[in-house]
Amino acid sequence: MQSKVLYNQDGHQWIVIGRDPEKDSHVIDTNEYVIINRGHAMLLDPGGIQIFPQVLAELAKYVRMQDIKVIFASHQDPDICSSLAMWLDLNPAIKTYCSWLWTGFVSHFSTGAVITLNPIPDQGMRIRIGDEGPEVEAVPAHYCHSSGNFSLYDPTAGILFSGDIGGALVPDHHASLVVTDFEQHIQYMRGFHLRWMPSTVALRGWTQRVRAIKPRMICPQHGSIFEGEMVGKLLDWLDSLEVGQWKDSAAKTDTRAAAWLPI
């Protein structure tokens, strides 16, 4: 896997891990993010079982296993957190957070280690990185696409981790990590959002919350990162969508979108 430092200032870092050229073709590519503050780390959506060894090896370049203090899971999907028990096997002291709605479901990913989850209430909450580190904020993103779903905002870096919102199935690992041509990038996002986002009202609510936050960067769990003017373009595009409708034509006319559209 590959990694890149997105932010590094005053002992505070954001790192993305992804773009795995060796992954199996049937495994959808994911981005894993880690926030490091003065040696203490928070891992966001640690990924699936299949990629655990690769993520662990890349993460070890930046932080020791014992320094991972928190894991945040945006929702319950296996590509989000089915590796959770493996991380806890290596460091049982990690505090794990996800929506209260999914605590009983995520516990089924246990492979021996007991998965004890800190439930996030529907209205969100602040989560501290380590005992004395800064706080980040779990931002409600319910029904975008999961019924119990959160984004995560780091005010220190001005970065929003959006989970699946803004996600894209980019062509291959050579694709740019940061979006430079928004109109061209839409083709990799459209099929997913039309099928997997069930509520236009919920999506509009999320964009309103994000506009109020004014992040300088939005980092999705799939695809490429939005920075600067691309943040506004993404929010405008999301506001233009009417989702939660069956779009038969999407699967027929866009073979890459069809990969997001299990029938």
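For the structure, check the block above.
The paragraphs below set out a description of the structure included in this document.

About the cut-offs
Residue indices follow the written sequence of each chain, beginning from 1 at its first position. In keeping with the model being predicted, local features are shown solely for residues with a pLDDT of at least 70 and side-chain atom pairs are shown and tallied solely at 80 or more, while totals for entire chains, interfaces and linings include all residues. Each side-chain value is derived from all of the structure's non-hydrogen atoms; neither hydrogens nor water enter the calculation. Take a side-chain nitrogen of Lys or Arg and a carboxyl oxygen of Asp or Glu: if they are within 4 Å of each other, that pair is a salt bridge. Think of it in three bands: with a 1.4 Å probe and only protein chains considered, a residue is buried below 20% of the maximum accessible area for its type, exposed above 50%, and partly exposed in between. Should DSSP find at least two bridges between two strands, the strands are regarded as paired. Helix numbering and strand numbering both begin at the N terminus, where a helix is a DSSP run of H or I of at least 4 residues and a strand a DSSP run of E of at least 2. An axis is simply a line fitted to the C-alpha atoms; with a helix, the fit covers only the stretch in contact. Between two such axes, the angle follows the N-to-C directions and lies from 0 to 180 degrees. In this description, contact between two residues means that some pair of their heavy atoms is separated by no more than 4.5 Å. Ring pairs are drawn from Phe, Tyr and Trp, using the six-membered ring of Trp, whenever the two centres fall within 6.5 Å, and their geometry is named by plane angle: stacked under 30 degrees, edge-to-face over 60, tilted for the rest. Residues grouped as a nonpolar core are buried Ala, Val, Leu, Ile, Met, Phe, Trp, Tyr and Cys residues, joined through side-chain atoms within 4.5 Å.

Following the criterion strictly, the structure yields 8 salt bridges and no others. Arg 64 is the partner of Asp 67 in a salt bridge, and the nearest nitrogen-oxygen pair spans 2.8 Å. Residue Arg 64 is classed as exposed on the basis of its relative accessible area, which comes to 51%. Note that Arg 126 and Glu 135 form a salt bridge whose closest N and O atoms lie 3.9 Å from each other.

In spatial order, the strands read S1-S2-S3-S4-S5-S6-S7; together these 7 strands make up an open sheet with mixed pairing. The strands lining the two open edges of the sheet, one partner per strand, are strand S1 (2–9) and strand S7 (117–120). On average, each strand axis in the sheet is inclined to that of its neighbour by 20 degrees, with strand direction left out of account. For strand S6 (residues 95–99) and S7, the ladder comprises 4 bridges, and the chain directions are parallel. Each bridged residue has a counterpart across the sheet, and for Tyr 97 the counterpart in S7 is Asn 118. Of the strands in this sheet, S1, strand S2 (12–18), strand S3 (32–37), strand S4 (40–44) and strand S5 (68–72) touch helix H1 (residues 52–59), which is tilted by about 145 degrees from S2.

Under the counting rule described, the total for this entry stands at 8 aromatic pairs. Taking 6.4 Å as the distance between ring centres and 80 degrees as the angle between the ring planes, the aromatic pair formed by Phe 72 and Phe 161 counts as edge-to-face. Of this pair, Phe 72 sits in strand S5 while Phe 161 sits in strand S11 (residues 159–163), and the two are 89 residues apart along the sequence. With relative accessibility at 0%, the residue Phe 72 sits in the buried group. Measuring from centroid to centroid gives 6.2 Å for Phe 182 and Phe 226, while their planes differ by 55 degrees, and the two rings are tilted. Of this pair, Phe 182 sits in helix H5 (residues 182–196) while Phe 226 sits in strand S13 (residues 226–227), placing them 44 residues apart in sequence.

Quick look at the nonpolar core now. Trp 206 and Phe 226 are the most contacted members of the largest nonpolar core, which totals 30 residues. Contributing elements (two or more residues each) for this core: H5, helix H6 (200–213) and helix H7 (229–240). Leaving out residues up to four positions away in the same chain, Phe 226 has contacts with Gly 166, Val 179, Phe 182, His 185, Met 189, Arg 216, Met 217, Ile 218, Pro 220, Val 231 and Leu 234. Membership of the second largest hydrophobic core comes to 28 residues, among which are Ile 15, Val 55, Cys 81 and Ile 94.

Functional significance is not addressed by these values, which are geometric in nature.
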